[in-house]
Amino acid sequence: MKLTEHFQYGLDAPICLTWELTYACNLACVHCLSSSGRRDPDELSTAECKAVIDELARMQVFYVNIGGGEPTVRSDFWEIVEYAVGHHVGVKFSTNGIKLTPERAAWLAGTDYVDVQISLDGATADVNDEVRGPGSYDTAIAAMRNLHDAGFGEFKISVVMTRHNVDQLDDFKAIADRFGAQLRITRLRPSGRGADTWHELRPTAAQQRRLYDWLVARGESVLTGDSFFHLSAYGEALPGLNLCGAGRVVCLIDPVGDVYACPFAIHEEFLAGNVRSDGGFVHVWRDSELFADLRRPQHGGACTSCGYYDSCQGGCMAAKFFTGLPLDGPDPECVRGFGEQALAGVDGASVPRSEVDHSRTGKQGPVPVSIGMGPPDRACDESPLAGMRAG
Amino acid sequence: MDFDPERPYRKAEQVELRPEPFGALAYHFGTRRLSFLKTPTLVDVVTGLERHDDVHATLDAAGVPEAQRGAYIAALAELAGTGTIEPRP
Ligand code: SF4
Ligand code: SF4
(Lines give C-alpha, C1' and ligand atoms only; values in the text may rest on other atoms or scores of the structure.)
(Ligands and ions follow the chains in the order given, each with its own letter.)
Protein backbone atom coordinates (compact mmCIF):
# COMPACT_ATOMS: atom_id res chain seq x y z
CA MET A 1 0.00 0.00 0.00
CA LYS A 2 1.29 3.45 -0.79
CA LEU A 3 1.91 5.70 2.14
CA THR A 4 -0.84 8.12 1.18
CA GLU A 5 -3.29 5.24 1.25
CA HIS A 6 -2.38 4.59 4.86
CA PHE A 7 -3.26 8.20 5.55
CA GLN A 8 -6.65 7.74 3.93
CA TYR A 9 -7.45 4.94 6.31
CA GLY A 10 -6.47 7.05 9.27
CA LEU A 11 -3.68 6.82 11.79
CA ASP A 12 -3.60 5.80 15.45
CA ALA A 13 -3.32 9.46 16.40
CA PRO A 14 -3.79 12.65 14.41
CA ILE A 15 -0.77 14.30 12.82
CA CYS A 16 -2.37 17.66 12.56
CA LEU A 17 -4.42 18.37 15.63
CA THR A 18 -5.81 21.85 16.14
CA TRP A 19 -7.01 22.77 19.58
CA GLU A 20 -8.94 25.96 19.97
CA LEU A 21 -8.68 26.97 23.61
CA THR A 22 -11.28 29.70 23.69
CA TYR A 23 -13.92 31.38 21.60
CA ALA A 24 -12.95 34.68 23.17
CA CYS A 25 -11.10 37.11 20.97
CA ASN A 26 -10.04 40.72 21.18
CA LEU A 27 -10.57 41.02 17.45
CA ALA A 28 -13.52 40.20 15.20
CA CYS A 29 -12.02 39.26 11.86
CA VAL A 30 -14.59 39.15 9.13
CA HIS A 31 -13.42 35.74 7.93
CA CYS A 32 -13.01 34.05 11.32
CA LEU A 33 -13.44 30.34 10.70
CA SER A 34 -14.76 29.71 14.19
CA SER A 35 -17.01 32.79 14.49
CA SER A 36 -15.15 33.72 17.65
CA GLY A 37 -15.70 36.73 19.88
CA ARG A 38 -17.22 35.85 23.23
CA ARG A 39 -15.95 33.22 25.59
CA ASP A 40 -18.20 30.19 25.98
CA PRO A 41 -19.09 29.59 29.65
CA ASP A 42 -18.63 25.88 29.10
CA GLU A 43 -15.01 26.06 27.96
CA LEU A 44 -12.61 23.44 29.29
CA SER A 45 -11.13 24.35 32.65
CA THR A 46 -7.41 24.42 33.31
CA ALA A 47 -7.59 20.97 34.87
CA GLU A 48 -9.55 19.61 31.92
CA CYS A 49 -7.02 21.08 29.50
CA LYS A 50 -4.24 19.37 31.39
CA ALA A 51 -6.11 16.09 31.25
CA VAL A 52 -6.38 16.47 27.48
CA ILE A 53 -2.64 17.05 27.31
CA ASP A 54 -2.02 13.92 29.39
CA GLU A 55 -4.05 12.01 26.87
CA LEU A 56 -2.23 13.51 23.90
CA ALA A 57 1.07 12.61 25.53
CA ARG A 58 -0.08 9.00 25.95
CA MET A 59 -1.14 8.90 22.30
CA GLN A 60 2.23 10.34 21.31
CA VAL A 61 0.72 13.30 19.56
CA PHE A 62 3.99 15.07 18.86
CA TYR A 63 2.61 18.56 18.69
CA VAL A 64 -0.61 20.44 18.75
CA ASN A 65 -1.65 23.60 16.92
CA ILE A 66 -3.26 25.83 19.50
CA GLY A 67 -5.60 28.55 18.36
CA GLY A 68 -8.89 30.17 19.20
CA GLY A 69 -10.38 32.71 19.33
CA GLU A 70 -7.29 34.36 20.64
CA PRO A 71 -5.77 31.70 22.86
CA THR A 72 -3.47 34.08 24.74
CA VAL A 73 -6.40 35.92 26.33
CA ARG A 74 -7.02 32.89 28.54
CA SER A 75 -5.38 33.72 31.83
CA ASP A 76 -4.06 30.15 32.11
CA PHE A 77 -2.69 30.09 28.55
CA TRP A 78 1.01 30.14 29.42
CA GLU A 79 0.45 27.59 32.13
CA ILE A 80 -1.17 25.27 29.59
CA VAL A 81 1.70 25.78 27.15
CA GLU A 82 4.22 25.00 29.85
CA TYR A 83 2.31 21.92 30.87
CA ALA A 84 2.20 20.65 27.29
CA VAL A 85 5.87 21.10 26.52
CA GLY A 86 6.71 19.70 29.96
CA HIS A 87 4.86 16.55 28.89
CA HIS A 88 6.60 16.40 25.57
CA VAL A 89 3.71 17.65 23.51
CA GLY A 90 5.12 20.41 21.31
CA VAL A 91 3.01 23.52 20.80
CA LYS A 92 2.56 25.81 17.88
CA PHE A 93 0.14 28.54 18.75
CA SER A 94 -1.54 31.09 16.54
CA THR A 95 -2.04 34.58 17.81
CA ASN A 96 -2.84 38.07 16.65
CA GLY A 97 0.02 39.19 18.86
CA ILE A 98 -1.94 41.00 21.55
CA LYS A 99 -0.07 39.46 24.48
CA LEU A 100 3.35 39.12 22.91
CA THR A 101 5.21 41.65 25.02
CA PRO A 102 9.01 41.82 24.99
CA GLU A 103 9.03 39.88 28.28
CA ARG A 104 6.80 37.17 26.88
CA ALA A 105 8.86 36.98 23.71
CA ALA A 106 11.97 36.46 25.83
CA TRP A 107 10.24 33.69 27.76
CA LEU A 108 9.19 32.03 24.51
CA ALA A 109 12.68 32.30 23.09
CA GLY A 110 13.94 30.37 26.10
CA THR A 111 11.27 27.65 25.98
CA ASP A 112 11.84 24.54 23.90
CA TYR A 113 9.19 22.93 21.75
CA VAL A 114 7.16 26.09 21.26
CA ASP A 115 6.52 27.68 17.90
CA VAL A 116 4.59 30.87 17.30
CA GLN A 117 2.44 31.84 14.37
CA ILE A 118 1.38 35.45 13.95
CA SER A 119 -1.65 36.15 11.82
CA LEU A 120 -1.45 38.90 9.27
CA ASP A 121 -3.84 39.34 6.38
CA GLY A 122 -2.37 42.36 4.65
CA ALA A 123 1.19 43.43 3.97
CA THR A 124 0.01 46.98 4.63
CA ALA A 125 -2.12 48.28 7.49
CA ASP A 126 -5.01 49.31 5.25
CA VAL A 127 -5.42 45.89 3.65
CA ASN A 128 -4.89 44.02 6.92
CA ASP A 129 -7.10 46.16 9.12
CA GLU A 130 -9.97 46.03 6.68
CA VAL A 131 -10.28 42.33 7.46
CA ARG A 132 -8.78 42.03 10.94
CA GLY A 133 -9.79 45.35 12.44
CA PRO A 134 -8.23 48.73 13.28
CA GLY A 135 -4.85 48.55 14.95
CA SER A 136 -4.40 44.84 14.31
CA TYR A 137 -1.58 45.38 11.81
CA ASP A 138 0.45 47.39 14.30
CA THR A 139 -0.19 44.80 17.00
CA ALA A 140 1.03 41.98 14.77
CA ILE A 141 4.13 43.86 13.63
CA ALA A 142 5.01 44.81 17.21
CA ALA A 143 4.73 41.14 18.22
CA MET A 144 7.01 40.15 15.34
CA ARG A 145 9.55 42.73 16.34
CA ASN A 146 9.47 41.49 19.93
CA LEU A 147 10.06 37.90 18.84
CA HIS A 148 12.84 38.96 16.52
CA ASP A 149 14.53 41.12 19.13
CA ALA A 150 14.27 38.35 21.71
CA GLY A 151 16.12 36.01 19.35
CA PHE A 152 13.21 33.61 19.08
CA GLY A 153 14.37 32.40 15.69
CA GLU A 154 12.15 31.35 12.87
CA PHE A 155 8.53 31.94 13.84
CA LYS A 156 5.71 31.82 11.30
CA ILE A 157 3.69 34.57 9.71
CA SER A 158 0.35 33.19 8.61
CA VAL A 159 -1.66 34.86 5.87
CA VAL A 160 -5.12 33.95 4.61
CA MET A 161 -5.22 34.69 0.90
CA THR A 162 -7.89 37.15 -0.20
CA ARG A 163 -8.69 39.16 -3.26
CA HIS A 164 -7.02 42.14 -1.61
CA ASN A 165 -3.74 40.59 -0.65
CA VAL A 166 -2.78 38.10 -3.35
CA ASP A 167 -1.02 40.94 -5.11
CA GLN A 168 1.07 41.54 -1.97
CA LEU A 169 2.71 38.12 -1.92
CA ASP A 170 6.20 39.49 -2.47
CA ASP A 171 5.64 42.09 0.22
CA PHE A 172 4.60 39.41 2.71
CA LYS A 173 7.75 37.49 1.87
CA ALA A 174 9.78 40.63 2.48
CA ILE A 175 8.17 41.14 5.89
CA ALA A 176 8.94 37.54 6.80
CA ASP A 177 12.54 37.94 5.68
CA ARG A 178 12.87 41.16 7.65
CA PHE A 179 11.95 39.38 10.89
CA GLY A 180 13.70 36.10 10.14
CA ALA A 181 10.31 34.42 9.97
CA GLN A 182 8.83 31.85 7.66
CA LEU A 183 5.86 32.78 5.52
CA ARG A 184 2.80 30.55 5.58
CA ILE A 185 -0.15 31.25 3.33
CA THR A 186 -3.45 29.46 3.50
CA ARG A 187 -6.70 29.33 1.70
CA LEU A 188 -9.75 31.38 2.65
CA ARG A 189 -12.61 29.01 3.30
CA PRO A 190 -16.30 29.74 3.71
CA SER A 191 -16.28 28.58 7.33
CA GLY A 192 -17.53 30.50 10.36
CA ARG A 193 -17.92 34.19 9.55
CA GLY A 194 -16.00 33.37 6.39
CA ALA A 195 -19.30 32.08 5.04
CA ASP A 196 -20.55 35.66 4.91
CA THR A 197 -17.49 37.18 3.34
CA TRP A 198 -16.16 34.40 1.17
CA HIS A 199 -17.89 35.48 -2.00
CA GLU A 200 -16.44 38.96 -1.88
CA LEU A 201 -13.04 38.15 -0.39
CA ARG A 202 -11.98 35.05 -2.26
CA PRO A 203 -9.30 35.49 -4.92
CA THR A 204 -10.43 35.83 -8.51
CA ALA A 205 -9.68 33.08 -11.00
CA ALA A 206 -6.80 35.11 -12.43
CA GLN A 207 -5.40 35.62 -8.92
CA GLN A 208 -5.63 31.91 -8.17
CA ARG A 209 -3.51 31.25 -11.21
CA ARG A 210 -0.94 33.83 -10.15
CA LEU A 211 -0.90 32.39 -6.66
CA TYR A 212 -0.28 28.93 -8.04
CA ASP A 213 2.59 30.12 -10.21
CA TRP A 214 4.09 32.00 -7.30
CA LEU A 215 3.93 28.90 -5.12
CA VAL A 216 5.45 26.68 -7.77
CA ALA A 217 8.34 29.12 -8.11
CA ARG A 218 8.90 29.24 -4.33
CA GLY A 219 8.84 25.47 -3.84
CA GLU A 220 8.92 24.46 -0.21
CA SER A 221 10.31 27.73 1.11
CA VAL A 222 6.76 28.97 1.69
CA LEU A 223 4.44 26.90 3.86
CA THR A 224 0.85 26.37 2.79
CA GLY A 225 -0.54 23.85 5.23
CA ASP A 226 -1.25 21.88 2.06
CA SER A 227 -4.27 24.10 1.69
CA PHE A 228 -4.03 24.77 -2.03
CA PHE A 229 -4.05 21.25 -3.39
CA HIS A 230 -7.11 22.08 -5.49
CA LEU A 231 -4.78 24.35 -7.50
CA SER A 232 -2.68 21.36 -8.47
CA ALA A 233 -5.11 20.90 -11.32
CA TYR A 234 -3.31 23.78 -13.07
CA GLY A 235 -0.51 21.35 -13.80
CA GLU A 236 2.33 20.27 -11.58
CA ALA A 237 1.18 19.18 -8.12
CA LEU A 238 2.19 21.41 -5.23
CA PRO A 239 4.33 19.91 -2.47
CA GLY A 240 2.22 18.08 0.09
CA LEU A 241 -0.11 15.21 0.55
CA ASN A 242 -2.88 16.26 -1.82
CA LEU A 243 -5.58 14.69 0.22
CA CYS A 244 -8.32 16.01 2.47
CA GLY A 245 -7.08 14.89 5.85
CA ALA A 246 -10.30 15.57 7.75
CA GLY A 247 -10.88 12.85 10.35
CA ARG A 248 -7.98 10.87 8.89
CA VAL A 249 -4.94 12.77 10.02
CA VAL A 250 -6.54 16.13 10.85
CA CYS A 251 -9.03 17.12 13.52
CA LEU A 252 -10.15 19.90 15.82
CA ILE A 253 -10.84 20.01 19.53
CA ASP A 254 -12.95 23.10 20.14
CA PRO A 255 -13.02 25.19 23.34
CA VAL A 256 -15.88 23.18 24.89
CA GLY A 257 -14.19 19.90 24.06
CA ASP A 258 -16.16 19.01 20.96
CA VAL A 259 -14.14 17.09 18.40
CA TYR A 260 -14.70 17.96 14.76
CA ALA A 261 -13.18 16.41 11.66
CA CYS A 262 -11.40 19.61 10.71
CA PRO A 263 -11.01 23.16 12.07
CA PHE A 264 -12.89 24.42 9.04
CA ALA A 265 -15.80 22.09 9.62
CA ILE A 266 -17.46 23.30 12.81
CA HIS A 267 -20.91 21.91 12.12
CA GLU A 268 -22.82 19.08 13.73
CA GLU A 269 -22.46 17.09 10.53
CA PHE A 270 -18.74 16.80 11.28
CA LEU A 271 -18.96 16.48 15.06
CA ALA A 272 -17.41 13.20 16.17
CA GLY A 273 -17.74 13.43 19.96
CA ASN A 274 -16.47 15.29 22.99
CA VAL A 275 -13.30 14.88 25.03
CA ARG A 276 -15.37 14.99 28.23
CA SER A 277 -17.18 11.78 27.35
CA ASP A 278 -16.11 8.34 28.57
CA GLY A 279 -12.98 7.22 26.86
CA GLY A 280 -11.93 10.79 26.16
CA PHE A 281 -10.30 12.01 23.01
CA VAL A 282 -8.60 8.75 22.17
CA HIS A 283 -11.95 7.00 22.00
CA VAL A 284 -13.41 9.67 19.75
CA TRP A 285 -10.40 9.58 17.44
CA ARG A 286 -10.23 5.83 17.12
CA ASP A 287 -13.85 4.74 17.38
CA SER A 288 -16.24 7.48 16.29
CA GLU A 289 -18.60 6.50 13.51
CA LEU A 290 -18.06 9.76 11.71
CA PHE A 291 -14.31 9.27 11.52
CA ALA A 292 -14.76 5.67 10.44
CA ASP A 293 -16.92 7.00 7.61
CA LEU A 294 -14.41 9.62 6.57
CA ARG A 295 -11.71 6.96 6.50
CA ARG A 296 -13.52 4.85 3.97
CA PRO A 297 -12.56 5.40 0.35
CA GLN A 298 -14.43 8.46 -0.89
CA HIS A 299 -16.21 8.79 -4.17
CA GLY A 300 -15.12 11.44 -6.59
CA GLY A 301 -18.59 11.84 -8.05
CA ALA A 302 -18.54 14.29 -10.93
CA CYS A 303 -14.77 14.68 -10.47
CA THR A 304 -13.90 11.07 -11.15
CA SER A 305 -13.66 11.63 -14.86
CA CYS A 306 -11.36 14.63 -14.43
CA GLY A 307 -7.77 14.03 -15.43
CA TYR A 308 -6.55 16.01 -12.43
CA TYR A 309 -8.43 14.04 -9.83
CA ASP A 310 -5.29 12.32 -8.56
CA SER A 311 -3.76 15.54 -7.29
CA CYS A 312 -6.87 17.66 -6.74
CA GLN A 313 -9.17 15.01 -5.30
CA GLY A 314 -12.12 17.30 -5.74
CA GLY A 315 -10.68 19.83 -3.32
CA CYS A 316 -11.81 20.81 0.17
CA MET A 317 -14.72 19.12 1.90
CA ALA A 318 -15.46 22.12 4.11
CA ALA A 319 -15.44 24.54 1.18
CA LYS A 320 -17.98 22.40 -0.61
CA PHE A 321 -20.16 21.88 2.42
CA PHE A 322 -20.44 25.52 3.41
CA THR A 323 -21.22 26.63 -0.11
CA GLY A 324 -23.99 24.06 -0.49
CA LEU A 325 -22.17 21.86 -2.99
CA PRO A 326 -22.22 18.05 -2.92
CA LEU A 327 -19.22 16.58 -1.12
CA ASP A 328 -18.49 14.21 -3.94
CA GLY A 329 -18.22 16.85 -6.64
CA PRO A 330 -15.91 19.68 -7.61
CA ASP A 331 -14.54 22.25 -5.20
CA PRO A 332 -16.29 25.66 -5.45
CA GLU A 333 -12.98 27.06 -6.65
CA CYS A 334 -12.26 24.23 -9.10
CA VAL A 335 -9.69 25.66 -11.47
CA ARG A 336 -11.52 24.18 -14.42
CA GLY A 337 -14.58 26.25 -13.64
CA PHE A 338 -16.90 23.41 -12.64
CA GLY A 339 -17.29 24.88 -9.18
CA GLU A 340 -18.56 28.20 -10.51
CA GLN A 341 -21.10 26.36 -12.60
CA ALA A 342 -22.23 24.33 -9.63
CA LEU A 343 -22.42 27.40 -7.38
CA ALA A 344 -24.70 29.08 -9.87
CA GLY A 345 -27.21 26.31 -9.31
CA VAL A 346 -27.18 26.46 -5.51
CA ASP A 347 -30.25 27.79 -3.76
CA GLY A 348 -28.86 30.10 -1.07
CA ALA A 349 -31.53 29.11 1.43
CA SER A 350 -30.34 25.51 1.43
CA VAL A 351 -26.72 26.28 2.25
CA PRO A 352 -25.85 24.79 5.65
CA ARG A 353 -24.73 27.14 8.43
CA SER A 354 -22.93 26.39 11.63
CA GLU A 355 -25.00 26.72 14.79
CA VAL A 356 -21.85 27.52 16.69
CA ASP A 357 -21.42 31.29 16.71
CA HIS A 358 -19.73 33.34 19.40
CA SER A 359 -19.54 36.56 17.43
CA ARG A 360 -19.79 39.63 19.60
CA THR A 361 -21.66 41.52 16.95
CA GLY A 362 -24.55 39.25 17.55
CA LYS A 363 -26.04 36.82 15.27
CA GLN A 364 -25.35 35.33 12.02
CA GLY A 365 -25.67 37.62 9.16
CA PRO A 366 -23.13 39.40 7.16
CA VAL A 367 -20.46 41.19 9.09
CA PRO A 368 -19.71 44.21 6.98
CA VAL A 369 -16.12 44.22 5.95
CA SER A 370 -15.83 47.83 6.97
CA ILE A 371 -16.61 47.39 10.63
CA GLY A 372 -14.19 44.81 11.79
CA MET A 373 -12.48 44.95 15.10
CA GLY A 374 -9.98 42.35 14.42
CA PRO A 375 -9.90 38.85 13.57
CA PRO A 376 -8.70 35.66 14.94
CA ASP A 377 -6.69 33.48 12.91
CA ARG A 378 -6.39 30.08 11.68
CA ALA A 379 -4.32 27.67 13.32
CA CYS A 380 -3.99 24.43 11.63
CA ASP A 381 -1.56 23.19 9.15
CA GLU A 382 -4.28 21.20 7.57
CA SER A 383 -1.60 19.45 5.76
CA PRO A 384 -0.55 16.33 7.43
CA LEU A 385 2.46 16.51 5.24
CA ALA A 386 3.50 20.01 6.04
CA GLY A 387 7.12 19.77 6.85
CA MET A 388 7.25 16.06 6.30
CA ARG A 389 9.73 14.09 4.37
CA ALA A 390 9.50 10.56 3.20
CA GLY A 391 12.08 8.46 4.91
CA MET B 1 28.78 15.14 6.84
CA ASP B 2 28.03 12.39 4.36
CA PHE B 3 26.29 9.28 5.49
CA ASP B 4 28.80 6.49 6.00
CA PRO B 5 27.41 2.99 6.58
CA GLU B 6 30.80 1.87 7.93
CA ARG B 7 30.24 4.05 11.00
CA PRO B 8 28.06 3.77 14.10
CA TYR B 9 24.78 5.71 14.14
CA ARG B 10 21.76 6.11 16.39
CA LYS B 11 18.29 7.54 16.31
CA ALA B 12 18.78 11.24 17.05
CA GLU B 13 18.22 12.10 20.68
CA GLN B 14 15.51 14.62 19.92
CA VAL B 15 13.57 12.20 17.73
CA GLU B 16 10.62 10.20 18.90
CA LEU B 17 8.92 7.38 17.04
CA ARG B 18 5.23 6.61 17.06
CA PRO B 19 4.21 3.17 15.82
CA GLU B 20 1.69 3.17 12.98
CA PRO B 21 0.30 0.38 10.82
CA PHE B 22 2.83 1.03 8.05
CA GLY B 23 5.86 1.40 10.31
CA ALA B 24 6.31 4.57 12.31
CA LEU B 25 6.18 8.31 12.25
CA ALA B 26 9.33 10.03 13.39
CA TYR B 27 9.22 13.51 14.84
CA HIS B 28 12.25 15.66 15.51
CA PHE B 29 11.47 18.01 18.37
CA GLY B 30 14.31 20.32 17.43
CA THR B 31 13.59 20.85 13.75
CA ARG B 32 9.85 20.08 14.10
CA ARG B 33 10.13 17.82 11.14
CA LEU B 34 8.08 14.69 10.61
CA SER B 35 9.39 11.76 8.63
CA PHE B 36 7.96 8.37 7.85
CA LEU B 37 9.60 5.08 8.45
CA LYS B 38 7.75 3.24 5.77
CA THR B 39 8.23 -0.36 6.86
CA PRO B 40 8.37 -2.15 10.21
CA THR B 41 11.84 -3.39 9.29
CA LEU B 42 13.06 0.17 8.82
CA VAL B 43 11.76 0.91 12.32
CA ASP B 44 13.77 -2.04 13.64
CA VAL B 45 16.83 -0.77 11.82
CA VAL B 46 16.51 2.79 13.14
CA THR B 47 15.99 1.68 16.71
CA GLY B 48 18.70 -1.00 16.39
CA LEU B 49 21.43 1.34 15.13
CA GLU B 50 22.73 2.19 18.56
CA ARG B 51 23.35 -1.45 19.41
CA HIS B 52 25.74 -2.11 16.54
CA ASP B 53 29.18 -0.99 15.49
CA ASP B 54 28.10 0.08 12.05
CA VAL B 55 25.10 0.28 9.78
CA HIS B 56 25.90 -2.95 7.97
CA ALA B 57 25.75 -4.96 11.19
CA THR B 58 22.42 -3.31 12.02
CA LEU B 59 20.97 -4.33 8.68
CA ASP B 60 22.19 -7.90 9.22
CA ALA B 61 20.63 -8.05 12.65
CA ALA B 62 17.30 -6.74 11.35
CA GLY B 63 17.32 -9.41 8.65
CA VAL B 64 17.29 -7.03 5.69
CA PRO B 65 17.57 -9.19 2.55
CA GLU B 66 20.62 -8.64 0.37
CA ALA B 67 18.52 -7.39 -2.53
CA GLN B 68 17.05 -4.59 -0.40
CA ARG B 69 20.24 -3.38 1.25
CA GLY B 70 20.75 -0.61 -1.28
CA ALA B 71 17.26 0.75 -0.72
CA TYR B 72 17.69 0.66 3.04
CA ILE B 73 21.02 2.42 2.89
CA ALA B 74 19.48 5.10 0.67
CA ALA B 75 16.59 5.55 3.11
CA LEU B 76 19.02 5.83 6.02
CA ALA B 77 21.11 8.36 4.14
CA GLU B 78 17.99 10.47 3.72
CA LEU B 79 17.14 10.12 7.40
CA ALA B 80 20.67 11.18 8.26
CA GLY B 81 20.26 14.19 5.97
CA THR B 82 17.17 15.34 7.87
CA GLY B 83 18.72 14.64 11.25
CA THR B 84 16.40 11.77 12.14
CA ILE B 85 19.45 9.61 12.74
CA GLU B 86 22.89 10.89 13.70
CA PRO B 87 26.45 9.56 13.92
CA ARG B 88 27.32 8.12 17.27
CA PRO B 89 30.52 9.38 18.82
S1 SF4 C 1 -9.31 19.86 2.61
FE2 SF4 C 1 -10.73 21.21 3.72
S3 SF4 C 1 -12.04 19.83 4.92
FE4 SF4 C 1 -10.25 18.65 4.26
S5 SF4 C 1 -8.79 18.81 5.97
FE6 SF4 C 1 -8.30 20.47 4.54
S7 SF4 C 1 -9.47 22.24 5.25
FE8 SF4 C 1 -10.34 20.43 6.24
S1 SF4 D 1 -13.20 18.72 -11.72
FE2 SF4 D 1 -12.84 18.08 -9.61
S3 SF4 D 1 -10.84 17.00 -9.65
FE4 SF4 D 1 -11.04 18.19 -11.57
S5 SF4 D 1 -10.01 20.14 -11.15
FE6 SF4 D 1 -12.20 20.44 -10.69
S7 SF4 D 1 -12.42 20.00 -8.51
FE8 SF4 D 1 -10.44 19.16 -9.18
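First, a word on scope: everything that follows refers to the structure included in this document. (Residues numbered from 1 in each chain as written. Chains lettered and ligands numbered in written order. Predicted model: local features only at pLDDT ≥ 70, side-chain atom pairs only at ≥ 80, totals over all residues. Heavy atoms only, no water.)

What about the sheet that holds strand 3 (residues 90-95) of chain A?
Note on sheets: strands pair through backbone hydrogen bonds, and any given pair is parallel or antiparallel.
Residues and elements named next belong to chain A.
(1) Moving on: One open sheet accounts for nine strands, arranged 6-5-4-3-2-1-7-8-9; its pairing is mixed. Among the strands making up the open sheet, the edge pair consists of strand 6 (182-187) and strand 9 (271-274). Averaged over all adjacent pairs, the angle separating strand axes in this sheet is 25°, with direction ignored.
(2) Moving on: Across the sheet, helix 3 (residues 77-86) lies against strand 2 (63-67), strand 3 and strand 4 (114-119), angled at about 155° from strand 3, the strand it touches most. (Pairing = 2+ DSSP bridges. Helix = DSSP H or I, 4+ residues; strand = E, 2+ residues; numbered from the N terminus. Axes fitted to C-alpha atoms, helices over the stretch in contact; angles between N-to-C directions. Contact = heavy atoms within 4.5 Å.)

Details of the site of ligand 2
(1) Moving on: In the region of ligand 2, the neighbouring residues are A233, C303, C306, Y309, C312, G314, P330, D331, C334, R336 and F338 of chain A.
(2) Moving on: Its residues assigned to classes, the shell around ligand 2 shows eight nonpolar, one polar and two charged. (Near = heavy atom within 4 Å. Nonpolar A, V, L, I, M, F, W, Y, C, P; charged D, E, K, R; others polar.)

What to know about the pairing of strand 4 of chain A
On any regular strand, side chains alternate: one points to one face of the sheet, the next to the other face.
Residues and elements named next belong to chain A.
(1) Moving on: By the criterion of burial, strand 4 is predominantly enclosed, with six of the six residues buried.
(2) Moving on: The two faces of strand 4 match: V114, V116 and I118 on one face and D115, Q117 and S119 on the other face are all buried.
(3) Moving on: Across five bridges, the pairing between strand 3 and strand 4 is parallel. Note that in strand 4 the partner of V91 across the bridge is V114.
(4) Moving on: Of the pairings in the sheet, the one linking strand 4 to strand 5 (residues 156-161) comprises three bridges and is parallel in character. Paired with S119 across the two strands is S158, which belongs to strand 5. (Buried < 20%, exposed > 50% of the residue type's maximum accessible area, 1.4 Å probe, protein only.)

Quick word on the packing of helix 2 (residues 46-58) of chain A against helix 3 of chain A
Residue and element names in this part refer to chain A.
(1) Moving on: At a minimum axis separation of 10 Å, helix 2 and helix 3 run at an interaxial angle of 20°. When the interaxial angle is binned, helix 2 and helix 3 end up roughly parallel. The two elements helix 2 and helix 3 cross, and the hand of that crossing is right-handed. Contacts between helix 2 and helix 3 pair T46, C49, K50, I53 and D54 from the former with E79, I80, Y83 and A84 from the latter.
(2) Moving on: Its residues placed into classes, the contact of helix 2 with helix 3 shows five nonpolar, one polar and three charged. (Parallel < 35°, antiparallel > 145°, perpendicular 65-115°, else oblique. Left-handed = near helix turned anticlockwise from the far one by under 90°.)

Some points on the pattern of salt bridges
All names here are of chain A.
(1) Moving on: Taken as a whole and assessed by the stated rule, the structure comprises 21 salt bridges over all chains.
(2) Moving on: Linking R74 and D76 is a salt bridge whose minimum nitrogen-to-oxygen distance equals 2.8 Å.
(3) Moving on: Residues R202 and E333 are paired through a salt bridge, measuring 4.0 Å at the closest nitrogen-oxygen approach. Here R202 is found in the loop between helix 8 (194-201) and helix 9 (205-218), whereas its partner E333 is found in the loop between helix 13 (317-321) and helix 14 (338-344), with 131 residues between them in sequence.
(4) Moving on: On the basis of relative accessibility, which here comes to 10%, the residue R202 falls in the buried class.
(5) Moving on: Here the salt bridges share partners, and the residues they tie into one network are R187, R202, D331, E333 and E340. (Salt bridge = Lys/Arg side-chain N within 4 Å of Asp/Glu carboxyl O.)

Let's talk about the interface of chain B and chain A
(1) Moving on: On the chain A side, the residues contacting the 23 residues of chain B number 25 residues.
(2) Moving on: Between chain B and chain A, the buried area comes to about 2,300 Å², and carbon and sulfur atoms account for 62% of it.
(3) Moving on: Seen at the junction of chain B and chain A, the total is one salt bridge.
(4) Moving on: Its salt-bridge partner being R32 of chain B, residue D115 of chain A comes within 3.5 Å of it at the nearest N-O pair.
(5) Moving on: When contributions to the side of chain B that touches chain A are tallied by element, the ones reaching two or more residues are strand 2 (15-20), strand 3 (23-28), strand 4 (33-37) and helix 3 (69-81) of chain B.
(6) Moving on: Classifying every residue of the side of chain B that touches chain A gives 13 nonpolar, three polar and seven charged. (Buried area = accessible area lost by both parts, 1.4 Å probe.)

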